[in-house]
Amino acid sequence: KPKSNCFFKLQMKLDVANEEKSIDDSPDESYVLTIDASATDMVTIKADNIWGIRHAVQTFSQLILLEDKTAKTYSKVIVTDSPAYPWRGLVVDTSRNYINPDNLKIIIHSLGAAKMNIFHWHITDTNSFPFKSKTLPKMSEFGAYNNDMVYDANTIDDIIKFAKTKGVRVIVELDAPAHSGYGYDWGPDEKLGDLVVCLNAMPWEKYCYQPPCGQMNVINDNLYDVLENIYTDLVEVFKDEVFHMGGDEVKGACWNTSSEIREYMDAKGWSKDEEGYMKLWYEYQTKAAKAYLKARGLDNSLKQHKAIVWSSSMTKGENIKYLNQSNIDYIIQFWGNLSDPLEQEHLRNIVKSGKQVIMSNFDDLYLDCGFASWVKGKGHNWCAPFKPWQGIYRRNYDEWFETNANLSGEALKEVLLGAEAAIWTEQAGNDNILTRIFPRTWALAERLWTNPLGIKKEKSTDCDSALIPLL
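Because the structure is a prediction, the values reported are computed rather than measured. (Residues numbered from 1 in each chain as written. Predicted model: local features only at pLDDT ≥ 70, side-chain atom pairs only at ≥ 80, totals over all residues. Heavy atoms only, no water.)

S.K.: Describe the overall build of the protein chain, naming the residues involved and giving the relevant values.
M.R.: A tally of helices and strands in the protein chain yields 17 helices and 16 strands. A compact globule built from 471 residues would reach a C-alpha radius of gyration of about 23 Å, and the protein chain, at 24 Å, matches this within 12%. Counting only C-alpha atoms, the protein chain reaches 80 × 50 × 50 Å along its principal axes. Within the protein chain, the proportion of its 471 residues that are buried is 54%. When contacts within the protein chain are restricted to residue pairs at least 6 apart in sequence, those whose partners lie at least 24 apart make up 73%. Just so you have it, the protein chain exposes about 21500 Å², and 50% of that area is on carbon and sulfur atoms. (Helix = DSSP H or I, 4+ residues; strand = E, 2+ residues; numbered from the N terminus. Rg over C-alpha atoms; globule rule 2.2 N^0.38 Å. Buried < 20%, exposed > 50% of the residue type's maximum accessible area, 1.4 Å probe, protein only. Contact = heavy atoms within 4.5 Å. Areas by Shrake-Rupley, 256 points an atom, 1.4 Å probe, with all protein chains shown as cover.)

S.K.: Could you give an account of the packing of aromatic side chains, with specific residues and numbers?
M.R.: Inspection of the entire model under this criterion finds 24 aromatic pairs. Between the aromatic rings of Tyr366 and Trp382, the centroid separation amounts to 6.2 Å while the plane-to-plane angle is 85°, which identifies the pairing as edge-to-face. Highlighted residues: Tyr366 in the loop between helix H11 (362-365) and helix H12 (389-394) and Trp382 in the loop between H11 and H12, separated in sequence by 16 residues. (Phe/Tyr/Trp six-rings, centres within 6.5 Å; stacked < 30°, edge-to-face > 60°.)

S.K.: Run through the state of the cysteines, naming residues and quoting values.
M.R.: Scanning the model with the defined rule gives three disulfides in all. Across the disulfide from Cys208 sits Cys213; the S-S distance is 2.0 Å. Judged by the torsion about the S-S bond (-70°), the Cys208/Cys213 disulfide is left-handed. The class for Cys208 is buried, based on a relative accessible area of 9%. Using a relative accessible area of 0% as the deciding quantity, one classes Cys213 as buried. Note that Cys369 is cross-linked by a disulfide to Cys383, the S-S spacing being 2.0 Å. For the disulfide bridge between Cys369 and Cys383, the dihedral angle about the S-S bond is near -110°, and by the sign convention the bridge is left-handed. Of this pair, Cys369 sits in the loop between H11 and H12 while Cys383 sits in the loop between H11 and H12; the two residues are 14 residues apart in sequence, bridging distant segments of the chain. The pair Cys369 / Cys383 is uniform in exposure class, with both members buried. Across the protein chain, the disulfide pattern expressed with sequentially numbered bonded cysteines is 1-4, 2-3, 5-6. (Disulfide = S-S within 2.5 Å.)

S.K.: Provide a residue-level description of the pairing of strand S9 (residues 169-173), including the pertinent values.
M.R.: S9 sits mainly inside the fold: five of its five residues count as buried. Of the two faces of S9, the one holding Arg169, Ile171 and Glu173 and the one holding Val170 and Val172 are both buried throughout. Looking at chain direction, strand S8 (residues 118-122) and S9 are connected through five bridges and run parallel. Bridging across to S9, Ile118 finds its partner in Arg169. (Pairing = 2+ DSSP bridges.)

S.K.: Mind laying out the sheet that holds strand S1 (residues 12-18), listing which residues take part and the relevant values?
M.R.: An order of S1-S3-S2-S6 is seen for the four strands of this open sheet, with the pairing classed as mixed. The two strands at the open ends of the sheet, each matched to only one other strand, are S1 and strand S6 (76-81). If you compare each strand with its neighbour and ignore which way they point, the axes differ by 10° on average. Where strand S2 (residues 31-36) and S6 come together, six bridges link them in antiparallel fashion. Its bridge partner lying in S6, Asp36 is registered against Lys76. Sheet strands in contact with helix H1 (residues 50-62) are S1, S2, strand S3 (43-49) and S6, and its direction is about 145° off that of S3. (Axes fitted to C-alpha atoms, helices over the stretch in contact; angles between N-to-C directions.)

S.K.: So what's going on with the side chain of Asp363? Which residues, and what values?
M.R.: Within the secondary structure layout, Asp363 lies in helix H11. Polar contacts involving the side chain of Asp363 include one to the main-chain amide nitrogen of Leu338, which spans 3.2 Å. Polar side-chain contacts of Asp363 include one of 3.3 Å to the side chain of Arg395. (Polar contact = N/O pair within 3.5 Å; in protein donor to acceptor, adjacent residues only side chain to side chain.)

S.K.: Tell me about helix H6 (residues 221-238), residues and numbers included.
M.R.: In this model H6 runs 26 Å from its N-terminal to its C-terminal C-alpha over 18 residues, within 8% of the 26 Å that 1.5 Å per residue would give. Taken together, the buried positions of H6 are occupied by Leu223, Tyr224, Val226, Leu227, Ile230, Tyr231, Asp233, Leu234, Val235, Val237 and Phe238. Of the residues flanking the start of H6, the one acting as N-cap is Asn220, its side-chain oxygen 2.9 Å from the backbone nitrogen of Asn222. At the C-terminal side of H6, Lys239 shows a positive phi close to 70°. (Expected span 1.5 Å × (residues − 1).)

S.K.: I'd like a rundown of unusual backbone geometry, residues and numbers included.
M.R.: Between Ala384 and the following residue, Pro385, the backbone shows a cis peptide bond with an omega angle of 10°. Looking at where Pro385 falls in the secondary structure, it is placed in the loop between H11 and H12. With a phi close to 70°, Lys239 is a non-glycine residue in the positive phi region. Mapping Lys239 onto the fold places it in the loop between H6 and strand S12 (243-244).

S.K.: Quick one: what's the story with the environment of Asn319, residue by residue and with numbers?
M.R.: By secondary structure assignment, the location of Asn319 is in the loop between strand S13 (305-310) and strand S14 (328-334). Taking relative accessible area as the criterion, Asn319 reaches 16% and is therefore assigned buried. In this view, Asn319 contacts Glu274, Met278, Ser313 and Met314; residues no more than four positions away in its chain are not counted. Engagement of the side chain of Asn319 in a polar contact is seen with the backbone oxygen of Ser313, the distance being 3.0 Å.

S.K.: Tell me about the packing of helix H8 (residues 259-268) against helix H9 (residues 274-296), and please be specific about residues and values.
M.R.: For the pair H8 and H9, interaxial distance at closest approach is 11 Å and the crossing angle is 100°. Looking at the two axes, H8 sits roughly perpendicular to H9. Two secondary-structure elements touch here, H8 through Ile261, Tyr264, Met265 and Lys268 and H9 through Gly276, Tyr277, Leu280 and Glu283. (Parallel < 35°, antiparallel > 145°, perpendicular 65-115°, else oblique.)

Quick look at the structure:
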């Protein structure tokens, strides 16, 4: 390297107990960082595994000040650190708008810099199917916006390997049975029948929650062979043991457009109301879970496997019983509004059932909110107003659950895994997605890692306190 005051020698000692621990195993991320200018090893890091080491190195990098071509740090420091929550993430939608791999890497790099550890990849939706399936290439041939707007196995593998260097897990989501449309529309050509129904139906408000409409034809047995092949391809490339099965915004009116489904329900003696459609949905969920476990090679295993689903009408009231399956332990990702009393009761219902929860409540964590309406003309979009970093920072989940669900301490830790911010891309693309996500997501990173103690309060939600370290 050229002679320059920008370079200096540093003796660092790393003490790692479990070098082989995988990021996918939800490892212990704690560490102890010691700086002692008088010691032979100026910097010592102790951690259970390399992920704790990585966090410590990230912290150390933030303790270095470069000034006038001179690197400075503290002469004596001990930092003992660990995350408040094990699940600290971001949902990125790549179906409404295709996000190129370089931008995905920038997002992941920025998550790792703030010690966030989950990149939740919402890879498909009704709008497009950009995942290039090895077994079923027709999915992206029919579903991708064009041949260049796809994610093949090599691209995904490269992103996952990059993410691991940043201490970030990549969790894939195949949304179903709603939010499914383009990409599944080749079934009739191959004599498999309709794999989806009410595709792009109008008026959309009647058949789905946003256009274009589309929902799986859950009574078509060929659908489950297709799902098993897609699951097989996804788990082969993504590998993480946790999988997101989607599961939000199912609408009975969509299924009711199909004479095939209506006749099936009549034969079963099921009413065409919420109760009847819930039975139909449960039947789908059971069959889809079986296909997923078979893709994993776990169809004959008695061990419970973890999967994530969104909060929905299936997680409300008594309906949550439909998720008490013997072979899958469902984690619920809650996206309701914590200011709504009905949604507060919804969340209490979930935790009372014993299900673990990941928070993505839209009143704080939906980063696409507050922009112009894109489907109903005048005004702002459905989840307005804009979600500022202050609101994200103020939301103390420990306090909410203690006050509203009578859960705290170890009992709360058993239930609440953490949270994810979300960027849905109806109005975000490669030109603006980074500024939609950051810096607001870093406020969530601070909340989930430190759950900050404040100057004015024991557990601070005071944003002025958050600014003190920056002054």
